[in-house]
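Report on the structure
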Amino acid sequence: MWNSDPDRRRFLKTLGAGAACVALSPADRAEAARLLAAGAFESADAALAWHKAPCRYCGTGCGVEVGVREGQVVSVRGDEKAPVNKGLLCVKGYHLPGMLYGEDRLRHPQLRRNGKLERISWDEAFDLIAKEFGGALEEHGPESVAVYGSGQWTIFDGYAALKWVKGGMRSNNLDPNARLCMASAVMGFMTQFESDEPMGCYDDFELADDFVLWGNNMAEMHPVLFSRILEHKRENPNVRIVDLATRRTPTSNYADLYVEFRPGTDLAIANGILHLLLKKGTIDRKFVRENVVFKRGIEDLDTIGYGCEGDQAEQYTFKDQAQASSLEELEEFLADYTPERVSEISGVPKAHIDALARIYGDLGRGTVSLWCMGVNQHVRGTWMNNLINDLHLITGKISRPGSNPLSLTGQPSACGTAREVGTLSNRLPADMLVTVDEHRAKTEDIWGLEPGTIPAKPGYHAVDMFRALSRGDIKAMWIQTTNPWVSLPNLHRFERKPGDGRFVVVSDIYPTPTTDVADLILPSAAWVEREGMFGNTERRTQHWDKLVEPPGEAKEDAWQIVEVARRMGMEHLFPWATEEDGDWHEPMFEEYRRFTLGVGKDLASYEQLRKARGLRWPVVEGKETRYRYAAGHDPYVKKKEGVHFYKAKKNGEKAAFWLRPYHPPAEVPDAEYPFWLCTGRVLEHWHTGSMTRRVKELHQAMPEAYVEVNRADAVELGVQDGQVVRVVGRRGSIDLPARIDGRGATPRGSLFIPFFDESVLVNELTLDAMDNISKEPDYKKSAVRLELVSS
Amino acid sequence: MKPSLAIPLALLTLAACEDPHRARKVSVPGHEGALKTTATLRADRRAFDGAPPVIPHGELGAACTSCHTVRGMAVPELGFAPPLPHGETSGLSDASRCTQCHVFRREESLYVASSFAGLRQDLRRGERQHDVAPPVVPHPIFMRENCAACHAGPAAREEIRTSHPDRENCRQCHVSAATELVFAR
Ligand code: SF4
């Protein structure tokens with residue numbers, strides 16, 4: 001509040017109460033003085049300090065400057081020095097500070113006793129976790145404990161969890177919510193390049209000529225990246241945007257070509273494009289000869305299945321088998337995907353398929369393919385990732401400035417933590433696998449553990465982990481930084497009541513439906529309340545310092561894990577100084593960094609990252625890499641020109657082109673359930689809304705979920721805009737208001753519902769069918785019907 | 001400033017050069033009794049000083065930039081649509097996506113009460129070297145390249161209205177501080 005005398009004198013001087021002034025008449029000055037007296041303005045400069053940090057929310061990884069005064073975050077502005085966003089943010093980013101200050105922040109550990117939550121101390125909480133996890137290990141073995149983590153975990157959190165679970169408890173039951181989000185992209189990159197994460201980077205947004213968006217509403221989900229594309233297009237009118245989608249979104253408004261297809265038929269479209277590329281001869285034969293091998297896997301629909309119902313539901317163990325293939329076999333394989341047939345399957349006009357083939361086939365223009373959940377949350381998500389990468393391999397449009405497949409990530413550290421640290425049930429750091437002997441040995445060596453500590457069998461993946469919890473095979477589970485009882489598919493299947501004989505711990509910052517079913521709730525420090533590092537979509541690792549104190553007794557997730565490990569007699573895993581007598585972040589990071597050095601995943605040093613606005617790995621001799629596998633860019637490529645897929649050891653250091661057919665979705669509309677249901681996100685809210693709904697401006701802009709209904713369907717059913725309707729599926733039903741021609745518009749026979757609203761759980765309707773290879777569920781295609789609700 | 005964003009010619013011819021140091025009330029032709037937005041109302045529309053304001057009206061079914069032009073526009077029965085402040089950053093084109101940052105307020109209540117207390121506006125930051133020196137721009141220029149949007153015309157608040165709207169090249173005299181350090185060899 002502004003009230004001190006020197007301040008007042010300074011103010012009056014500034015306003016020009018003395019001689020010359022900024023422009024005020026005596027009346028204006030009187031008004032200004034009145035406003036001041038009323039406390040409308042306040043002194044800000046004195047104690048305000050600005051610090052760099054990445055945004056807390058999406059995988060774009062925008063840089064922000066955080067304004068801190070008197071121990072509180074009071075402001076945020078886009079960081080003009082951040083290469084990702086060059087000062088721009090989206091509405092979520094601009095309103096970041098509000099996320100920390102909801103009045104219901106979790107402040108103390110709480111234990112549920114006789115159905116009631118009671119405050120307990122950290123010591124009691126840690127002792128209890130150590131006892132429950134230790135007890136489960138002793139009685140039921142390492143397969144009975146689990147940690148379910150997050151793509152919003154910092155690198156420190158993920159690394160601490162990985163080391164504790166795999167190196168301490170000797171279990172592989174560690175999986176992140178990122179399994180629900182980009183596991184298909186991981187498997188795409190791994191099956192083709194034997195190394196995860198994109199070869200390209202955001203520089204392509206100013207270098208490409210054509211942007212092909214595969215089922216990707218960038219205007220809402222990666223808004224700042226979309227702004228970069230639009231700015232590039234404004235300056236270069238030749239730039240084109242193609243929006244392949246199953247519904248019109250704000251992104252479609254900016255597309256030069258909007259291609260609407262039936263859900264799941266993107267597989268056929270991609271094959272249709274390949275068919276035309278080969279037929280027209282618009283492929284890069286030299287590139288293919290030198291850098292590509294062809295492969296085929298299992299294609300039989302019944303063998304593969306969808307892993308959701310019947311026999312497959314609990315024991316879903318499909319394993320793909322690779323066979324060598326060839327360009328000639330590809331030509332034969334693609335004979336089925338004529339424009340006529342693809343048009344019939346997908347509903348896309350032949351002319352549009354041809355236009356897409358001309359875009360990919362114009363070897364003189366740079367093409368960037370972009371995708372996110374539409375392709376990844378797909379019962380054949382790995383296949384779809386393969387096919388997009390295939391389009392770039394066959395045309396040689398890869399690892400070149402302005403020409404790349406670029407898979408976008410949803411979470412701020414899906415790349416940095418889930419993928420790079422390897423907090424997946426089958427992974428170890430830097431792309432290593434628990435199933436490979438040398439990888440386990442290397443990990444045990446760096447960790448100083450005896451050989452054979454880490455089990456070779458992968459643990460439960462996300463959906464299976466919760467199925468195992470329901471069955472009772474998992475006895476103790478710790479969930480951090482995620483909200484599965486809103487975000488899992490087919491939620492009814494995972495319903496739980498505390499006190500069912502299993503022990504569930506949840507660490508979070510606000511109460512959610514997940515803390516509602518927890519036995520023990522732990523308060524976490526959020527974002528700049530602790531030190532952290534995230535890794536974004538373009539391989540950029542970004543560090544931030546702790547800037548303010550967390551509320552109450554809240555503590556960072558990594559620290560919580562380390563404390564429990566100590567109490568379980570595993571202090572050797574975390575030998576660094578305790579919080580009281582020194583900082584452990586740097587030594588922990590430097591140990592993790594050892595995994596990445598010399599294998600093409602090299603992270604910059606802790607010191608370098610503290611100073612930089614993020615750096616893109618591999619960082620060799622202090623220099624970041626924009627384009628992987630590209631001569632002149634990637635320090636691991638020794639050739640003078642061209643590309644070298646040096647990580648793909650199994651294929652003679654060549655990339656794998658996979659032949660992948662079209663398979664129909666697991667559930668399709670029929671007479672009883674005639675509508676497609678697609679779920680997704682909105683610009684204003686972050687995932688399940690537990691943070692953003694506590695921000696005034698964001699909640700007030702988007703207060704509740706709705707169902708998008710096509711106007712013709714609405715007229716036919718007698719539904720008005722805003723009217724509450726019932727959406728009924730095989731697994732459940734929810735009531736919510738209809739929206740007709742809102743920001744998105746679905747085609748006839750198709751509905752869209754966002755999943756941020758915990759009071760209308762759309763995941764009670766979704767099917768837990770999943771991709772056969774990545775084990776990522778398909779949230780985009782279930783069948784439902786629409787009913788009127790009598791008032 | 002990009003060509004599409006230059007202040008239209010009409011403004012150029014508004015007035016001859018005047019002494020910028022002479023304090024005077026801005027009179028805007030055709031806009032008698034210029035619209036006043038109180039500081040409280042201004043604060044209510046922002047999470048904190050510097051946050052993008054929420055949209056204070058309902059959806060009108062028109063592109064935002066059809067009223068929020070570089071000069072702003074008087075809209076019958078609605079009032080004066082303030083000019084677009086973003087010059088060099090977002091430009092005025094088909095590709096302007098206002099609702100990426102500015103959202104409507106469709107609901108008055110809160111989901112959960114919040115104790116967030118954001119930065120409030122501070123009008124004392126425009127340091128000047130001496131009494132008749134032009135004040136240094138006290139805020140970042142990024143996203144605010146069109147000075148006239150807030151400092152001139154009917155939508156300009158009294159406290160920050162310029163005495164010399166006819167002088168277009170504001171940054172000829174008003175510089176923005178790029179560092180807080182002083183020169184040292
Ligand atoms: S939510 Fe994503 S696009 Fe928006 S500011 Fe944060 S990182 Fe940037």
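Within every chain, residues take consecutive numbers counted from 1 along the sequence as written. Chain letters and ligand numbers both follow the written order, the letters beginning at A and the numbers at 1. Given that the model is predicted, a residue must reach a pLDDT of at least 70 before its local features are reported, and side-chain atom pairs must reach 80 or more before they are shown or counted; all residues, however, enter totals for whole chains, interfaces and linings. The side-chain values count all of the structure's non-hydrogen atoms but skip hydrogen atoms and water molecules.

1. As for the overall build of chain A
Helix numbering and strand numbering both begin at the N terminus, where a helix is a DSSP run of H or I of at least 4 residues and a strand a DSSP run of E of at least 2. The number of helices and strands found in chain A is 26 helices and 27 strands. Against the 2.2 N^0.38 benchmark of 28 Å for 791 residues, chain A shows a C-alpha radius of gyration of 27 Å, consistent with a compact globule. Judged by the C-alpha coordinates and their principal axes, chain A covers about 85 × 70 × 70 Å. Here chain A holds 791 residues, and 67% of them are scored as buried. In chain A, the share of contacts with a sequence separation of at least 24, taken over all contacts with a separation of at least 6, comes to 73%. Counted as positive: Lys and Arg. Counted as negative: Asp and Glu, with His and the chain ends omitted from the count. In plain terms, the charge of a residue is placed at NZ if it is Lys, CZ if Arg, CG if Asp and CD if Glu. Seen as two clouds, the 98 positive and the 114 negative side-chain charges of chain A have centres 3 Å apart. The atom set for the radius of gyration is the C-alpha atoms, and the globule formula is 2.2 Å times the number of residues raised to the power 0.38. Note on classification: 1.4 Å probe, protein chains only; a residue is buried when its accessible area is under 20% of the maximum for its type, exposed when over 50%, partly exposed between these limits. The contact definition used throughout considers only heavy atoms, calling two residues in contact when any of these lie within 4.5 Å.

2. A closer look at the packing of aromatic side chains
Aromatic pairing here means that ring centres of Phe, Tyr or Trp (its six-membered ring) are within 6.5 Å. Orientation follows from the plane angle: under 30 degrees is stacked, over 60 is edge-to-face, and everything else is tilted. In the structure shown here, the tally under the stated rule is 31 aromatic pairs over all chains. Where Phe48 of chain B meets Phe116 of chain B, the ring centres are 6.3 Å apart and the plane angle is 85 degrees; that geometry is what we call edge-to-face. Of the two residues, Phe48 of chain B sits in the loop between helix 2 (39–44) and strand 1 (73–75) while Phe116 of chain B sits in the loop between strand 2 (79–81) and helix 3 (148–151), which places them 68 residues apart along the sequence. Cluster of aromatic residues (ring-pair linked, three or more members): Phe189, Phe193, Phe287, Tyr629, Tyr636, Phe645 and Tyr646 of chain A. A positively charged side chain is recorded as over a ring if its NZ (Lys) or CZ (Arg) lies within 6 Å of the ring centre. The angle to the ring normal must also be within 35 degrees. Its guanidinium or amino end placed over the ring of Phe574 of chain A, Lys163 of chain A lies 5.9 Å from that ring's centre, counting from NZ or CZ. Its guanidinium or amino end placed over the ring of Tyr337 of chain A, Arg341 of chain A lies 5.4 Å from that ring's centre, counting from NZ or CZ.

3. Some words on the pairing of strand 6 (residues 145–149) of chain A
Residue and element names in this part refer to chain A. Here strand 6 lies mainly inside the structure; five of its five residues are buried. With burial as the criterion, each face of strand 6 is covered, one bearing Val145, Val147 and Gly149 and the other bearing Ala146 and Tyr148. In this structure, strand 6 lies alongside strand 15 (residues 476–480), joined through four bridges in parallel fashion. When the bridges of strand 15 are listed, Tyr148 appears paired with Ile479. For two strands to be treated as a pair, DSSP must find no fewer than two bridges joining them.

4. Some details on the sheet that holds strand 8 (residues 210–214) of chain A
All names here are of chain A. An order of 10-9-8-13-14 is seen for the five strands of this open sheet, with the pairing classed as parallel. Taken across any chain shown, the strands that pair with only one partner, and hence form the sheet edges, are strand 10 (257–260) and strand 14 (404–407). Taking the axes of each pair of neighbouring strands and ignoring which way they run, one obtains an average angle of 15 degrees across the sheet. As defined by bridge partners, strand 8 adjoins strand 13 (residues 367–371) across five bridges and the pair is classed as parallel. From the neighbouring strand, Leu213 faces strand 13, where its bridge partner is Leu370. Here, axes are lines fitted to C-alpha atoms. For helices the fit covers the stretch in contact, and angles between N-to-C directions go from 0 to 180 degrees.

5. Quick notes on the site of the ligand
Residue and element names in this part refer to chain A. Neighbouring the ligand are Cys55, Tyr57, Cys58, Thr60, Gly61, Cys62, Leu89, Cys90, Lys92, Gly93, Pro223 and Val224. Mapped onto the shell around the ligand, the elements with two or more residues apiece are helix 3 (91–94) and helix 8 (223–235). Here the residues of the shell around the ligand sort into eight nonpolar, three polar and one charged. Note on terminology: near, applied to a residue and a molecule or strand, indicates that one of the residue's heavy atoms is within 4 Å of it. Polar here means any residue other than Ala, Val, Leu, Ile, Met, Phe, Trp, Tyr, Cys and Pro, which are nonpolar, and Asp, Glu, Lys and Arg, which are charged; Gly is therefore polar.

6. Structural notes on helix 8 of chain A
Residues and elements named next belong to chain A. Between its terminal C-alpha atoms helix 8 stretches 18 Å, which fits the 18 Å expected from 13 residues at 1.5 Å a residue. Most of helix 8 is tucked away, with 10 of its 13 residues classed as buried. Buried within helix 8 we find Pro223, Val224, Leu225, Phe226, Ser227, Arg228, Ile229, Leu230, His232 and Lys233. By this rule the span expected of a helix is its residue count minus one, scaled by 1.5 Å.

7. Here's the deal with the sheet that holds strand 12 (residues 323–325) of chain A
Strand pairing in a sheet is mediated by backbone hydrogen bonds. Such pairs are either parallel or antiparallel. Residues and elements named next belong to chain A. The three strands lie next to each other as 12-11-21, forming an open sheet whose pairing is mixed. With one partner strand each, in any of the chains shown, strand 12 and strand 21 (655–659) form the two edges of the open sheet. Strand-to-strand twist of the sheet, defined as the mean angle between neighbouring strand axes without regard to direction, takes the value 45 degrees. Of the strands in this sheet, strand 11 (292–296) and strand 21 touch helix 16 (residues 381–394), which is tilted by about 120 degrees from strand 21.

8. Observations regarding the side chain of Glu420 of chain A
Residue and element names in this part refer to chain A. Turning to its location among the elements, Glu420 is positioned in helix 17 (residues 414–422). Within the buried set, Glu420 has no salt-bridge partner at all; the shortest N-O distance to an opposite charge, 6.7 Å, is to Lys601. Reaching out from Glu420, the side chain makes a polar contact with the side chain of Trp617 at a distance of 2.9 Å. By definition, a salt bridge exists where a carboxyl oxygen of Asp or Glu is found within 4 Å of a side-chain nitrogen of Lys or Arg. We call two N or O atoms a polar contact when they sit within 3.5 Å, provided that within protein one can donate a hydrogen and the other can accept it, with sequence-adjacent residues counted only if both atoms are side-chain atoms.

9. Topic: the pattern of salt bridges
Side chains that carry opposite charge are capable of pairing whenever their charged atoms lie near each other. Residues and elements named next belong to chain A. Counted under the stated rule, the structure contains 68 salt bridges over all chains. In this structure, Lys457 engages Glu143 in a salt bridge whose closest nitrogen and oxygen atoms are separated by 3.5 Å. Within this pair, whereas Lys457 is found in the loop between helix 18 (437–447) and helix 19 (462–471), its partner Glu143 is found in the loop between helix 4 (122–140) and strand 6, the two being separated by 314 residues in sequence. Judged by its relative accessible area of 56%, Lys457 falls in the exposed class. Judged by relative accessible area, which is 44%, Glu143 ranks as partly exposed. Arg240 is paired through a salt bridge with Asp210; the nearest N and O atoms lie 2.8 Å apart. Here Asp210 lies in strand 8 and Arg240 lies in strand 9 (residues 240–245), a separation of 30 residues in the sequence.

10. Observations concerning the environment of Ile160 of chain B
Topologically, Ile160 of chain B is positioned in the segment after helix 3. Sequence-distant contacts of Ile160 of chain B, that is, excluding residues within four places in its chain, are made with Leu123, Cys150 and His151 of chain B.

11. Quick word on the confidence of the model for chain A
The predictor attaches a confidence to each residue, called pLDDT, with possible values from 0 through 100. In this model, chain A carries a mean pLDDT of 93, and residues with pLDDT of at least 70 account for 93%. In the predicted structure, residues 1–25 of chain A sits below a pLDDT of 50 and forms 57 contacts with residues beyond four places in sequence or in another chain.

12. Observations concerning helix 9 (residues 266–280) of chain A
Taking 1.5 Å per residue, 15 residues should reach 21 Å; helix 9 of chain A reaches 21 Å between its end C-alpha atoms and fits that length. With respect to burial, helix 9 of chain A is a largely interior element, 13 of its 15 residues being buried.

13. So, the packing of helix 6 (residues 183–193) of chain A against helix 16 of chain A
All names here are of chain A. Direction vectors running N to C along helix 6 and helix 16 enclose 50 degrees, while the axes themselves pass 8 Å from each other. In this view, helix 6 runs oblique relative to helix 16, as classed from their interaxial angle. Seen from above, helix 6 lies across helix 16 with right-handed handedness. Contacts between helix 6 and helix 16 pair Ser184, Ala185, Met187, Gly188, Phe189, Thr191, Gln192 and Phe193 from the former with Gly381, Thr382, Asn385, Asn386, Asn389, Asp390 and Leu393 from the latter. Class assignment for the residues of the contact of helix 6 with helix 16 results in five nonpolar, nine polar and one charged. Each angle gets one of four labels, with under 35 degrees taken as roughly parallel, over 145 as roughly antiparallel, 65 to 115 as roughly perpendicular, and the rest as oblique. Should the near helix be turned anticlockwise from the far one by less than a right angle, the crossing is left-handed, and should it be turned clockwise, the crossing is right-handed.

14. Let's talk about the pairing of strand 25 (residues 733–740) of chain A
A regular strand places its side chains on the two faces of the sheet in alternate fashion. Residues and elements named next belong to chain A. Two elements, strand 23 (residues 707–709) and strand 25, share three bridges in a ladder whose sense is parallel. Within strand 25, the residue paired with Glu708 across the bridge is Arg739. Direction of pairing for strand 24 (residues 724–729) relative to strand 25: antiparallel, over a ladder of five bridges. Residue pairing for strand 25: Val725 is matched across the bridge by Leu736. Remark: three residues form the turn of the hairpin made by strand 24 and strand 25, two consecutive strands paired antiparallel.

15. Some details on unusual backbone geometry
Residues and elements named next belong to chain A. Between Trp617 and the following residue, Pro618, the backbone shows a cis peptide bond with an omega angle of -5 degrees. Take Pro618: it is sitting in the loop between strand 20 (615–616) and strand 21. The phi torsion at Asn114 lies on the positive side, around 50 degrees, for a residue other than glycine. If you trace the backbone, Asn114 turns up in the loop between strand 4 (110–113) and strand 5 (116–119). Asn114 sits in the exposed class, given a relative accessible area of 82%. Even without a glycine there, the phi angle at Asn490 is positive, about 50 degrees.

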